[in-house]
Amino acid sequence: MLQIKNLMHKTIISFAGIATIAFSAFVVAGEKPSFAPNVPHPTNGSTECVQPEDEMKKNHMNYILHQRDETMHKGIRTKKYSLKECINCHVPENTEVRFGDDKHFCSSCHNYAGVSIDCFQCHMDRPMGKNPHKKSAQVNTPVQSKLADASTTGASNE
Amino acid sequence: MKKIHLQPIDGNSTGYLALIAILGAFVLGALGSTLYMEHNGHWVTGMDNQIVWGMPHVFAVFLIVAASGALNVASISSVFQKKLYKPLAPLSTLVALALLTGGLMILVLDLGRPDRLIVAMTYYNFKSIFAWNMILYNGFFVIVGVYAWFMLDRTMKKYSRYAGIAAFVWRIALTTGTGSIFGFLVARTAYDMAMFAPMFIIMSFSFGLAIFILVLMASYNWTGRELGDVVVNRLRKLLGVFVMAVLYFVFVYHISNLYATEHHGFEAFLLLGDNGGESYSNIFWIGQILIGSLIPLAMIYAPGVANCRKTLALACLLIVFGGLAQMYTIIIGGQAYPLDIFPGMEVLESTFSDGMVSHYSASLPEVLLGLGGFAMSLIVIAFGVKVLGFLPESLADSVADPHAKAE
Amino acid sequence: MNKTETVNISRRSFVEKSATAAAALTIAPGVFLNQVHAKPAAQAVTDAKRWGLLIDTAKCASGCTSCVSACFEENGIASHGRPLTDQQWIRKVKLKDKLTDHIVSLPVLCQHCENPPCVDVCPTGASFKRDDGIVLVDRHICIGCRYCMMACPYKARSFAHEVVDATVDYQPRGKGTVESCTMCVHRVDVDRIPACVEACADAEHGAMIFGDLKDPQSEISKQLVKHGGTQLRADLGLNTGVRYRGI
């Protein structure tokens, strides 16, 4: 039976006790005690993002924010920093995992860091893939020829 | 004139704690409603794509309008230098700030994205009167806060007149802005009138003073402090003038609308109850005009009841009720009447309620949110008078105005 | 590799090349005469173009709702069975002239005004007009105050009253923000036409024409010059991008 004389001893012993319990809990649960999130890698084989990993870790939000204003207000639809393309690469198609789950690419880190984002209240959190209800999705239909089909009278058709 | 002692109340009695508890319950009700509305989406309320602003906005706009009117008493003392009102000025600033807090709380909690409040504070479209209103509301807190400070702090008292003038100008701008939210809507028959700005100013005088009188009488009654007849009668007569002024503006609004043939549809809807407008017509004539204006006027001026405090209190309550009814007819009645997208044409079919009168029934979450905002204002007042010296120790006739003859 | 294969390969490539040339010759006149260039993705839109719609009410069939269904499908809008709170970016309306008893049917949607009241009243600037005339809601900064819904003379805006589970990635929409017809801006930017116009053409009515109002050679401009066109609530002076013929 130890003679605990002052507050400092009490604090150290309590802290050690809690740390031991926590560590044991982790070991029992089967997870390794790590101090970093478990971020899944893209499943399409890519090993490089559009910017180096460190840069993306620090500044991905700025790229996304800038791109959103460019696309929204100016109609600039480049793919490099597009949120849609991030999802297409980082989230497997036809996945059942949704944002909020630790296994989702974005939430794996955002849950860990405790930073809430509202992107996926509107944006899709997984790739859309080949949309079955869209007919002729990739065909570029020039305006003129569609009009030629539509108007049966009076439309000019060269 | 004897020196006025401003004294915080004790605030330890069971009655006080019970008051805070009841008001707190209402505030919790409002927060619960917000959670429910925000989590499920606004489809759980009575508001829809036709009536986009409902009961919460009726309460919120009423409180915001009353807030600037409650500052009137302080303005009369500082700007217009009427000595009788000077002891009432600190309480007036407290009531003004409290009512604005409650009104803004309702407005923000009803937003589709209340989590984006910081966006609303940082992205401004300066052509929008709504954006200007946000600046005016925040500025009101600062300016009236400074004004209250100057009045309560002995060292700054000499500057209180300047703060009072600034506050007066600011609150006129604020109420003009609030009225213009509706007045600038060109598309809607019920709005689109420059008159909305001055009408809201005069409404603020009436509603704000009614609430101020209620707060004044209640706080003096419940703390056992003396409130003389001189002060009460002066406020009573002022209130009567304001109620009559509101009636005048309502009259001019409707007369102007009736002169324009294109507005006859809406006027028949609101005044006669045509085309499904029975409920709005009843709320207008019975709620706003009879109960909200004519009966209080009788109570204020009838010779037998001149000195009866209870009658005055009831008159103030009826004016508050009439004010809410007026907001209801303006905000909801104005939206219920359909937009005239196709002049000269009748809509036979539409999946989006074109050309049809929309029906609105307030849902419980909306009413709870509105009442909770009101309760929040009252809690701020109750708390304020306990913490700081907003209430003079005595407003007996001898203290307030020793030269007044007994009436 | 034998000689037959070589001949087959070269014959196949010859056929391919001729087919491509033939296709190019068919499409090319339209492309060159109309001066329609696919906008490069990195290029910002400018006010050199102003997109508009012309709706011929004579060709609009009374019971047909192809444009409405196409819009819903294109933008991933699901009906929740609550017509008062469900989104309606475009709707069909049937009108009768009080003076002449003449009946017309037409679709009503966001008019993409040049002086939009919704843009004027939005406190955060979320409701904005793009340089090429398309009026949009930037749902990143929309706070859901619904003031634009009060201001719109055409009741074009809808509020997202419930949670949206997105099914299309090119048109994000979410609970608590306001939305309206985007003139299929995601299609227009890659040189396609709005879904409603395409559906109307597919349904063999051809009542809707989409094009550049600033280009005098575009089909829509020519039709406007030839047959005229009116705005809804022209008295408001909003100069809408959507014009109607026959009302």
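Heads up: these notes are all about the structure in this document. Only a predicted model underlies this, so the values are computations on that prediction, with no experimental measurement involved.

### What about the layout of surface pockets?
All names here are of chain B.
And step 1. In this model, the second largest pocket occupies a volume close to 1100 Å³.
And step 2. For the second largest pocket, the lining is made up of 40 residues, of which Leu 214, Val 215, Ala 218, Ser 219 and Trp 222 are closest to its centre.
And step 3. Of all the secondary-structure elements, those providing two or more residues to the lining of the second largest pocket are α1 (14-40), α8 (196-223), α12 (309-336) and α13 (364-387).
And step 4. Sorting elements by how many residues they give to the lining of the second largest pocket places α8 first, with ten residues.

### Topic: helix α6 (residues 195-202) of chain C
Since there are 3.6 residues in each turn of an α-helix, residues three or four apart along the chain are aligned in direction.
Residue and element names in this part refer to chain C.
And step 1. Of all eight residues that make up α6, seven are buried, and the element is covered over most of its length.
And step 2. Buried residues of α6: Ala 195, Cys 196, Val 197, Glu 198, Ala 199, Cys 200 and Ala 201, and no others.
And step 3. Phi for Glu 204, located one or two positions after α6, is positive at around 65°.

### Quick notes on the sheet that holds strand β3 (residues 103-109) of chain C
And step 1. The strand order across the open sheet formed by three strands is β1(B)-β2(C)-β3(C), and the pairing between neighbours is antiparallel. Bordering the open sheet on either side are β1 (345-350) of chain B together with β3 of chain C, each of which pairs with just one other strand. Each strand axis lies, on average, 35° off the axis of its neighbour in the sheet, ignoring direction.
And step 2. As paired strands, β1 of chain B and strand β2 (residues 90-97) of chain C are joined by five bridges and run antiparallel to one another. Residue pairing in the sheet places Ser 350 of chain B in a bridge with Val 93 of chain C of β2 of chain C.

### Examining the nonpolar core
And step 1. Core analysis: the largest hydrophobic core is formed by 195 residues, its most contacted members being Phe 182, Leu 216 and Leu 235 of chain B together with Tyr 147 of chain C.
And step 2. Element by element, the count of residues in this core is highest for α8 of chain B, at 17 residues.
And step 3. Residues within four places of Leu 216 of chain B in sequence aside, it is in contact with Leu 88, Leu 91, Leu 227, Val 231, Leu 235 and Leu 395 of chain B.

### What about the packing of α8 of chain B against α12 of chain B?
Residues and elements named next belong to chain B.
And step 1. Between α8 and α12, whose axes approach to 9 Å, the crossing angle comes to 145°. In this structure, α8 meets α12 at a crossing whose hand is left-handed. Here Phe 196, Met 199, Phe 200, Met 203, Ser 206, Phe 207, Ala 210, Ile 211, Ile 213, Leu 214 and Met 217 of α8 come into contact with α12, specifically with Arg 309, Leu 312, Ala 313, Cys 316, Leu 317, Ile 319, Val 320, Gly 323, Gln 326, Met 327 and Ile 330.
And step 2. Taken together, the residues of the contact of α8 with α12 break down into 18 nonpolar, three polar and one charged.

The rules behind the values
- Residues numbered from 1 in each chain as written.
- Chains lettered and ligands numbered in written order.
- Predicted model: local features only at pLDDT ≥ 70, side-chain atom pairs only at ≥ 80, totals over all residues.
- Heavy atoms only, no water.
- 1 Å grid on protein atoms, 1.4 Å probe; cavity = no way out; pocket = protein on both sides within 12 Å on 5 of 7 lines; lining within 4 Å.
- Points joined across faces, edges and corners; volume = space filled by probe spheres on them.
- Helix = DSSP H or I, 4+ residues; strand = E, 2+ residues; numbered from the N terminus.
- Buried < 20%, exposed > 50% of the residue type's maximum accessible area, 1.4 Å probe, protein only.
- Pairing = 2+ DSSP bridges.
- Axes fitted to C-alpha atoms, helices over the stretch in contact; angles between N-to-C directions.
- Core = buried A, V, L, I, M, F, W, Y, C linked by side-chain atoms within 4.5 Å.
- Contact = heavy atoms within 4.5 Å.
- Left-handed = near helix turned anticlockwise from the far one by under 90°.
- Nonpolar A, V, L, I, M, F, W, Y, C, P; charged D, E, K, R; others polar.

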